[in-house]
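# Architecture at a glance
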Amino acid sequence: MLRDGLFLETLQIKGPYNFDLVLDRLSMDPLNQVDIDSRSVKVPMLIENEAVIAHVQAVGTLDNPKFIIKGTEGENIVKAEKRLAEIFQWDVPLEIISEHFRKTDLAPIFEQHYGTPLVLDFDPFSCLLKCIIHQQLNLSFAHTLTERFVNTFGFEKEGVWFYPSPETVAALQVEELRALQFSGRKAEYVIGIAMEVVKGNLDFTSLRDQSNEEIYKQLIKIRGIGPWTIQNFLMFGLGRLNLFPVADIGIQNALKKLYKLDVKPTLEEIESFSKGWEPYLSYASLYLWRSIE
DNA sequence: AACCAGGGAAGAT
DNA sequence: ATCTTCCATGGT
C-alpha cells in the first residue's frame, strides 16, 4: 500500500514474540532510535548499497504479534522487508527454543525473558566494528565510544545514524580515532579491518553462505579479530544459533550468578554447564546476558 | 584507590 | 603450542 511516498505494511507473525523486550534491549545502545511509548524503533539498513530506514512498530501482543512497518518508497521494498524479517528473527520458532530450555538449568531465565528473540545488528560491517570497539571495555564506555565514532564519521538520515562505510573508515588516520579516546591498538584494528573490506578480502555477502568453521578460519587471520569477536559476529552479524562465547566476561558473570559461585567458572565448568543447551547456544548466551542486564 | 571491563596481539617460555 | 604481559581508558 502506497501513500504519501511511503510504503506501509502490516505484518502478523507466529507468537510468542515479545517486541517490548526487544526494544528494552535495543535501548541499551544510545545509537538505536527506540520509542518505548509508541513501541517502535527506526531501523537503518543498507539495501543494495542504499541507505534505507524502516520504522517498525508493534501493535500486537506476546501471543499474537503484529507490526506496522513504514519506510521510504523505493525499488527495494521486498528486499528491505526480507532483511527486516532476518534482523528481527520473525521466522525463528521461539516456542520450540523456549521448550528446549524448559528442562535445563536456564529454565527460570527463559521463563523470565519469554518471547525474547535474538535481534541481529542492522548491518554486518557495523556489527564487526562494534565488536572491535567493545572489546575489553565496560558496556557503558563502549556505548559512548561507538556513539562518538558513528556521530563523527558516520552519516545521518531521517534522524537515524548509520555507521561509516568501509571506504570512509579505511581512509581514517589512527590519530583521528585516538582523539575520540580509542586506544592506538583499537584504532589500528578498526582501520585495518575496513581496509580488508575495501580490498575485497572480506566480503560479507559471500560469508553468508559459509559455515561457521569456514568463517572462523577466514576472520581469525585478520588483526584485531579473535575468537570472541568471531562468535559475536556469527551471532549478531549473521544470526547463527549455536554460539557460546566462553571467554566473555558477561557470560561468566551470568553463570557465576546463576550457579551462585564464589568465583567465575573455569572453562571446564562452563563447558559442562552448556552441555544440553545445543543446538541453541546463542539463545543461551542471549538469555544469560539478559539475566545480568 | 585499586581493580575490572561482553579481548587480542606480541613477547616469553 | 601454551602462558604472561601489555595495551589504554572509563566505570565502580
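Model, not experiment: these values are computed from the prediction. (Residues numbered from 1 in each chain as written. Chains lettered and ligands numbered in written order. Predicted model: local features only at pLDDT ≥ 70, side-chain atom pairs only at ≥ 80, totals over all residues. Heavy atoms only, no water.)

## Some remarks on the UniProt feature "domain: HhH-GPD" (unreviewed entry) in chain A
As annotated in UniProt, the feature "domain: HhH-GPD" (unreviewed entry) corresponds to residues 133-293 in the numbering used here. Here residues 133-293 is 59% helix and 4% strand, with 20 Å between the C-alpha atoms at its ends. (UniProt positions renumbered as here; feature names shortened; annotations may be inferred. Helix = DSSP H or I, 4+ residues; strand = E, 2+ residues; numbered from the N terminus.)

## Quick look at the protein's contact with DNA strand B
Of all residues adjacent to DNA strand B, which total 24 residues, the nearest are Asn-138, Leu-139, Thr-229, Asp-248 and Glu-293. Counting only atoms of DNA strand B within 4 Å of the protein, the fraction found in sugar and phosphate groups is 60%. Here a base nitrogen of DNA strand B and a side-chain polar atom of Gln-136 are 2.9 Å apart. Here Trp-228 contributes a backbone N or O atom positioned 3.2 Å from a phosphate oxygen of DNA strand B. (Near = heavy atom within 4 Å. Polar contact = N/O pair within 3.5 Å; in protein donor to acceptor, adjacent residues only side chain to side chain.)

## Comments concerning the protein's contact with DNA strand C
Within the structure, DNA strand C sits among Asn-138, Phe-141, Arg-178, Gln-181, Ser-183, Gly-184 and Arg-185. Here Gly-184 contributes a backbone N or O atom positioned 3.3 Å from a phosphate oxygen of DNA strand C. Separating a phosphate oxygen of DNA strand C from a backbone N or O atom of Arg-185 is a distance of 3.0 Å.

## A look at the packing of helix H5 (residues 124-134) against helix H6 (residues 139-153)
When two helices pack together, their arrangement is given by the angle between the helix axes and the distance between those axes. H6 packs onto H5 with a crossing angle of 130° between their chain directions and a minimal axis gap of 9 Å. The angle between H5 and H6 places the two elements in the oblique class. As H5 packs across H6, the resulting crossing turns out to be right-handed. On H6, the residues touching Leu-129, Lys-130, Ile-133 and His-134 of H5 are Leu-139, Ala-142, His-143, Leu-145, Thr-146 and Phe-149. Partitioned by chemical class, the residues of the contact of H5 with H6 number six nonpolar, three polar and one charged. (Axes fitted to C-alpha atoms, helices over the stretch in contact; angles between N-to-C directions. Parallel < 35°, antiparallel > 145°, perpendicular 65-115°, else oblique. Left-handed = near helix turned anticlockwise from the far one by under 90°. Contact = heavy atoms within 4.5 Å. Nonpolar A, V, L, I, M, F, W, Y, C, P; charged D, E, K, R; others polar.)

## As for the state of the cysteines
Inspection of every chain in the model, using the stated rule, returns zero disulfides. Residue Cys-127 stays outside any disulfide, its sulfur separated by 4.3 Å from that of Cys-131, the closest cysteine. Residue Cys-127 is classed as buried on the basis of its relative accessible area, which comes to 1%. (Disulfide = S-S within 2.5 Å. Buried < 20%, exposed > 50% of the residue type's maximum accessible area, 1.4 Å probe, protein only.)

## Points about the domain arrangement of chain A
The domains assigned to chain A are domain 1 (2-90) and domain 2 (124-237). Using C-alpha coordinates to define each centre, domain 1 is positioned 24 Å away from domain 2. Domain 1 puts 16 residues into the contact, and the matching count from domain 2 is 18 residues. Here domain 1 and domain 2 share an interface that buries about 1,400 Å² over both sides, 62% of which is from carbon and sulfur atoms. At the surface where domain 1 touches domain 2, the tally comes to two salt bridges. Among the salt bridges present, the one from Arg-208 reaches Glu-86, with a minimum N-O distance of 3.2 Å. There are four residue pairs in polar contact (both at pLDDT 80 or more) connecting domain 1 and domain 2. (Domains from an automatic or database assignment. Buried area = accessible area lost by both parts, 1.4 Å probe. Salt bridge = Lys/Arg side-chain N within 4 Å of Asp/Glu carboxyl O.)

## Topic: unusual backbone geometry
A cis geometry characterises the amide bond from Gly-15 onward to Pro-16, with omega recorded as 0°. One can find Pro-16 in the loop between strand S2 (6-12) and helix H1 (19-26). Following Glu-278, the chain continues to Pro-279 via a peptide bond in cis, the omega torsion being 0°. Structurally, Pro-279 is set in the loop between helix H14 (267-274) and helix H15 (281-291). In this structure, Asn-49 is a non-glycine residue whose phi angle is positive, near 70°.

## Comments concerning helix H13 (residues 249-258)
Every buried residue of H13 is listed here: Gly-250, Ile-251, Gln-252, Ala-254 and Leu-255. The inward-facing, buried residues of H13 abut H14 and H15. Directly after H13, the chain includes Lys-260, whose backbone phi takes a positive value near 50°.

## Notes on the pairing of strand S6 (residues 66-72)
Within a regular beta strand, the side chains point alternately toward one face of the sheet and then the other, so they alternate between its two faces. Burial along S6 is one-sided: the residues Phe-67, Ile-69 and Gly-71 are buried and none of Lys-66, Ile-68, Lys-70 and Thr-72 is. As defined by bridge partners, S2 adjoins S6 across seven bridges and the pair is classed as antiparallel. Counterpart to Leu-11 in the pairing with S6 is Phe-67. As defined by bridge partners, strand S5 (residues 50-58) adjoins S6 across five bridges and the pair is classed as antiparallel. Bridge pairing in S6 links Gln-57 to Ile-68. (Pairing = 2+ DSSP bridges.)

## Observations concerning the packing of H5 against helix H9 (residues 184-199)
Between H5 and H9, the shortest axis-to-axis distance is 9 Å and the interhelical angle comes to 160°. Taken together, the axes of H5 and H9 are roughly antiparallel relative to one another. Handedness of the H5/H9 crossing: right-handed. Along the contact surface, H5 presents Phe-125, Leu-128, Leu-129, Ile-132, Ile-133 and His-134, while H9 presents Lys-186, Tyr-189, Val-190, Ile-193, Ala-194 and Val-197.

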